[in-house]
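# Geometric and topological summary
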Amino acid sequence: MKNNPLPRLDESPELRERLLPHCRLKPGEIWEDPEGRHRVGCLDAADGPAIARLMRDDRATLAIHDPPYNLVAFETRDIRDYIAWCRRWIQVTDAVLAPDAALYVWLGADQNDGFQPLADFMVMMRGEPFAPRSFITMRNQRGYGTQKNWMAVRQELLYYVKGKPVFHVEAEYTDIPKILRGYYKEVGGQMTENLQRGRADTIRAGNVWVDVQQVFYRMQENVSGCYAQKPLKAIERIVRASSRKREIVIDFFSHSGTTLLAAELLDRRCFTADNDPLFCEITIRRLEHSRTTGKLGWQNGHPFENEISSPHFLHKPHSKSRSERISSHSFLFS
Ligand SMILES: C[S@@+](CC[C@H](N)C(=O)[O-])C[C@H]1O[C@@H](n2cnc3c(N)ncnc32)[C@H](O)[C@@H]1O
């Protein structure tokens, strides 16, 4: 396995300067997939006219958003400002979704600060034209915490709808093992419990996902340089459940391009944005890399290997900052 990772790009100003000239998009620009399927815009999620340029007259049936969480690990703002900003990109999203559409939002809850911004976001959404459908929890393998509190191992995912979008029960896809015994019932004079009664060893995905591996540097899908990459398996589950083939999926916080890759693999189209040219470039390269090699990421290599092979500063031992230790995104730092 290669040992040529990039450090967190948001925390490496020197490296950012070196990589920016290799980015195809400048702020405001949009990349068109030569195969005519996807679009990537270097755009602000809350900028309605910019997102309208990304969409043209097309409408999406599924939005999957994973904004920065307003936690110390990223950039903390006053919660009122943060929620006002969320309301803006939610309204921009509403404007470009079809009448029947699903919206998923990943968001964190700071247990040291009133569970913001998740709690505030949920209340804000009551005033928007989306109906809540589910509150999903994805369990991380690695957590953070001290001996004085429960280990934090969850990621929160909100599911909303407008109109009546599709929802495919995905019984055939999950490999979630049956783990809970109990629920005893008499069958043919014998007392049985639920694990004995069911024919399948696995269950369909409910709103607690315990079967999704966090991304880390040994996995092929790993995109080093990114600090908040979501597992492809989780995004594929959402795409399968809440869209049909050839429909359009949007994601205004692309980062490592997981939603775009899931759309590519599952025969959907993806129109995605990030306001950072570096993450737009990574998104485009991840798609190209997948098309040319069949690979999902670079494992412990990186997307800019042609431009920078292994500069010495990339190999400084990486000690965890406080923010990394407490971040709910912190599963990536290895
Ligand atoms: C949590 S990450 C998304 C991770 C992504 N789901 C993945 O799997 O790689 C958030 C991304 O939002 C981008 N971002 C932050 N503010 C933005 C804004 N106003 N408009 C668009 N993108 C923004 C950041 O550059 C970052 O790449």
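Scroll up to find the structure.
Residues numbered from 1 in each chain as written. Predicted model: local features only at pLDDT ≥ 70, side-chain atom pairs only at ≥ 80, totals over all residues.

## Brief notes about the overall build of the protein
- Scanning the protein for helices and strands turns up nine helices and 15 strands.
- Expressed along its principal axes, the backbone C-alpha trace of the protein runs to roughly 75 × 50 × 45 Å.
- Within the protein, the fraction of its 334 residues that count as buried is 40%.
- Residue pairs in contact within the protein that sit at least 24 positions apart in sequence constitute 71% of those at least 6 positions apart. (Helix = DSSP H or I, 4+ residues; strand = E, 2+ residues; numbered from the N terminus. Buried ≥ 20, exposed ≤ 12 C-beta atoms within 10 Å, placed from the backbone. Contact = placed C-beta atoms within 7 Å.)

## Focus on the packing of helix 6 (residues 232–242) against helix 7 (residues 258–265)
- Taken N-terminus to C-terminus, the directions of helix 6 and helix 7 make an angle of 60°; their axes are 9 Å apart at the nearest point. Classified by the angle between their axes, helix 6 and helix 7 sit oblique to one another. At the point where helix 6 passes helix 7, the crossing takes the right-handed sense. Along its contact with helix 6, which presents L232, I235, E236 and V239, the element helix 7 presents T258, T259, L261, A262, A263 and L265.
- Counted by class, the contact of helix 6 with helix 7 contains seven nonpolar, two polar and one charged residues. (Axes fitted to C-alpha atoms, helices over the stretch in contact; angles between N-to-C directions. Parallel < 35°, antiparallel > 145°, perpendicular 65-115°, else oblique. Left-handed = near helix turned anticlockwise from the far one by under 90°. Nonpolar A, V, L, I, M, F, W, Y, C, P; charged D, E, K, R; others polar.)

## Topic: the sheet that holds strand 14 (residues 248–251)
- An order of 1-2-15-14-3-4-8-7-13 is seen for the nine strands of this open sheet, with the pairing classed as mixed. A strand with exactly one partner marks an edge of an open sheet, and here the two such strands are strand 1 (30–32) and strand 13 (208–209).
- Here nine bridges tie strand 7 (residues 131–144) to strand 8 (residues 152–162), and the two strands are oriented antiparallel to one another. Across the sheet, the residue bridging to A131 is V161, located in strand 8.
- Strand contacts of helix 7: strand 3 (60–65), strand 14 and strand 15 (269–273), with the helix running at about 170° to strand 15, the strand carrying the most contacts. (Pairing = 2+ DSSP bridges.)

## Focus: the packing of helix 7 against helix 8 (residues 277–293)
- Two elements in contact, helix 7 and helix 8, have axes separated by 9 Å at closest approach and are oriented at 30°. Classified by the angle between their axes, helix 7 and helix 8 sit roughly parallel to one another. By crossing handedness, the relation of helix 7 to helix 8 is classed as right-handed. When helix 7 is examined against helix 8, the residues L260, L261 and E264 are found in contact with a partner set consisting of T283, R286, L287 and S290.

## Notes on unusual backbone geometry
- The amide bond that connects Q116 to the next residue, P117, takes the cis arrangement and shows omega of -5°.
- Here P117 is to be found in strand 6 (residues 116–117).
- For R56, which is not a glycine, the phi torsion comes out positive at approximately 50°.
- Inspection of the secondary structure puts R56 in the loop between helix 2 (48–55) and strand 3.
- Since 11 C-beta atoms lie within 10 Å of it, R56 is described here as exposed.
- In this structure, Q299 takes a positive phi of about 50° despite not being glycine.
- Locating Q299 in the fold gives a position in the loop between helix 8 and helix 9 (322–326).

## Quick look at the site of the ligand
- D66, F253, H255, S256 and T258 are the nearest of the 19 residues found near the ligand.
- Class assignment of the residues belonging to the shell around the ligand gives a composition of nine nonpolar, five polar and five charged. (Near = placed C-beta within 6 Å.)

## Observations regarding the pairing of strand 3
- Counting buried residues in strand 3 gives six out of six residues, a clear majority hidden from the surface.
- Of the strand pairs in this sheet, strand 3 and strand 4 (residues 97–107) are connected by five bridges, and their pairing is parallel. Residue pairing across strands places A60 opposite L97, the latter belonging to strand 4.
- For strand 3 and strand 14, the ladder comprises two bridges, and the chain directions are parallel. Considered in strand 14, the bridge of L62 is made with V249.

## Brief notes about the nonpolar core
- In terms of nonpolar packing, the biggest core is built from 76 residues, with A60, L62, A63, L103, Y104, V249 and I250 touching the most fellow members.
- The dominant element in this core, judged by the number of residues it contributes, is strand 4, at eight residues.
- Filtering out sequence-adjacent residues up to four positions away, Y104 remains in contact with A63, I64, L157, L158, Y159 and I238. (Core = buried A, V, L, I, M, F, W, Y, C linked by C-beta atoms within 7 Å.)

## Quick notes on the pairing of strand 15
- Burial within strand 15 is extensive, with five of its five residues counted as buried.
- Residues R269, F271 and A273 point to one face of strand 15 and C270 and T272 to the other, with burial holding for every one of them.
- By the bridge criterion, three bridges tie strand 2 (residues 39–41) to strand 15 in an arrangement that is parallel. Among the inter-strand pairings, G41 is bridged to a residue of strand 15, identified as A273.

## Comments concerning the environment of M125
- Here M125 shows up in helix 4 (residues 118–125).
- For the pair M125 and D94, spaced 31 residues apart in sequence, the C-alpha to C-alpha distance is 12 Å.
- In this structure, M125 is in contact with F130 and Y160, ignoring residues within four places of it in sequence.

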